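What follows is the residue order along each chain.
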Amino acid sequence: MIKKNTIIEPDIIKYPIITDKTTKDIENNSYCFKVTKKSNKNQIKATIEEIFNVKVQKINTMNMPRKVKTIGRFKGRTTQYKKAIIQLHKEYTIKLFEE
């Protein structure tokens, strides 16, 4: 159930995270998205359900730390971001890839 003060903004979800591990998790109906740092689980759930017309079962969020990357002799840091792992009900799926 969506709470009354939950704001649905499509800007909350930036893009899906596609790696080897996340493509294996798609078989288990689990999807990974990069989201804005200030968003909470209720906002993420409402936005996912509104955009993709699915029913969300569970959401895990985590703040990913900055990492030091070296390119040649220069050192830099990656940006910090928030990652949301979304578990859908069995009868729903999200099409991330075109066939």
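That block above? That's the structure.
Below you will find a few notes about this structure.

Calculation notes
Residues numbered from 1 in each chain as written. Predicted model: local features only at pLDDT ≥ 70, side-chain atom pairs only at ≥ 80, totals over all residues. Heavy atoms only, no water. Helix = DSSP H or I, 4+ residues; strand = E, 2+ residues; numbered from the N terminus. Buried < 20%, exposed > 50% of the residue type's maximum accessible area, 1.4 Å probe, protein only. Areas by Shrake-Rupley, 256 points an atom, 1.4 Å probe, with all protein chains shown as cover. Lys, Arg positive; Asp, Glu negative; His and termini not counted. Charge placed at Lys NZ, Arg CZ, Asp CG, Glu CD. Core = buried A, V, L, I, M, F, W, Y, C linked by side-chain atoms within 4.5 Å. Contact = heavy atoms within 4.5 Å. Expected span 1.5 Å × (residues − 1). Polar contact = N/O pair within 3.5 Å; in protein donor to acceptor, adjacent residues only side chain to side chain. Pairing = 2+ DSSP bridges. Axes fitted to C-alpha atoms, helices over the stretch in contact; angles between N-to-C directions.

**Here's the deal with the overall build of the protein chain**
Alright, step 1. The helix and strand tally for the protein chain stands at two helices and six strands.
Alright, step 2. Each helix and strand of the protein chain, ordered N terminal to C terminal, gives the series β-α-β-α-β-β-β-β.
Alright, step 3. Along the first, second and third principal axes, the C-alpha set of the protein chain runs to 50 × 35 × 20 Å.
Alright, step 4. A buried classification covers 29% of the 99 residues belonging to the protein chain.
Alright, step 5. Taken as a whole, the protein chain presents about 7700 Å² of accessible surface, with 49% of it coming from carbon and sulfur.
Alright, step 6. Within the protein chain, the 10 negative side-chain charges are centred at a point lying 14 Å from the centre of the 22 positive side-chain charges.

**Quick notes on the nonpolar core**
Alright, step 1. Ranked by internal contacts, the top residues of the largest apolar core, which has 14 residues, are Phe-33, Val-35, Ile-44, Ile-48, Ile-86 and Leu-88.
Alright, step 2. Breaking this core down by element, the ones donating at least two residues are strand 2 (30–35), helix 2 (41–52), strand 3 (56–64) and strand 6 (81–88).
Alright, step 3. Those residues in contact with Ile-44 that sit more than four places away from it in its chain are Ile-12, Val-35, Ser-39, Ile-59, Thr-61, Ala-84 and Ile-86.

**Concerning helix 2**
Alright, step 1. Taking 1.5 Å per residue as the helical rise, helix 2 with its twelve residues ought to reach 16 Å, and the 16 Å between its terminal C-alpha atoms agrees with that figure.
Alright, step 2. Among all positions in helix 2, only Gln-43, Ile-44, Ala-46, Thr-47, Ile-48 and Glu-49 are buried.
Alright, step 3. Buried residues along helix 2 sit in contact with strand 1 (13–16), strand 2, strand 3 and strand 6.
Alright, step 4. N-cap assignment for helix 2: the residue whose side-chain oxygen lies 3.3 Å from the backbone N of Asn-42 is Asn-40.
Alright, step 5. Looking one or two residues beyond helix 2, the residue adopting positive phi is Asn-53, at roughly 55 degrees.

**Digging into the sheet that holds strand 2**
Alright, step 1. The antiparallel open sheet is built from four strands, whose spatial order is 1-2-6-3. Each edge of the open sheet carries a strand with a single partner, namely strand 1 and strand 3. Within this sheet the neighbouring strands show an average axis-to-axis angle of 30 degrees, counted without direction.
Alright, step 2. Here six bridges tie strand 2 to strand 6, and the two strands are oriented antiparallel to one another. Counterpart to Phe-33 in the pairing with strand 6 is Ala-84.

**Focus on the pairing of strand 4 (residues 68–71)**
Alright, step 1. By the bridge criterion, four bridges tie strand 4 to strand 5 (residues 74–77) in an arrangement that is antiparallel. Looking across to strand 5, one finds that Ile-71 is bridged to Phe-74.
Alright, step 2. In this antiparallel pair of consecutive strands, strand 4 and strand 5, the connection spans two residues, and Gly-72 shows a positive phi of 70 degrees.

**Side note on the environment of Thr-19**
Alright, step 1. Within the element layout of this structure, Thr-19 appears in the loop between strand 1 and helix 1 (20–25).
Alright, step 2. Placed 13 residues apart in sequence, Thr-19 and Cys-32 show a C-alpha to C-alpha distance of 9.5 Å.

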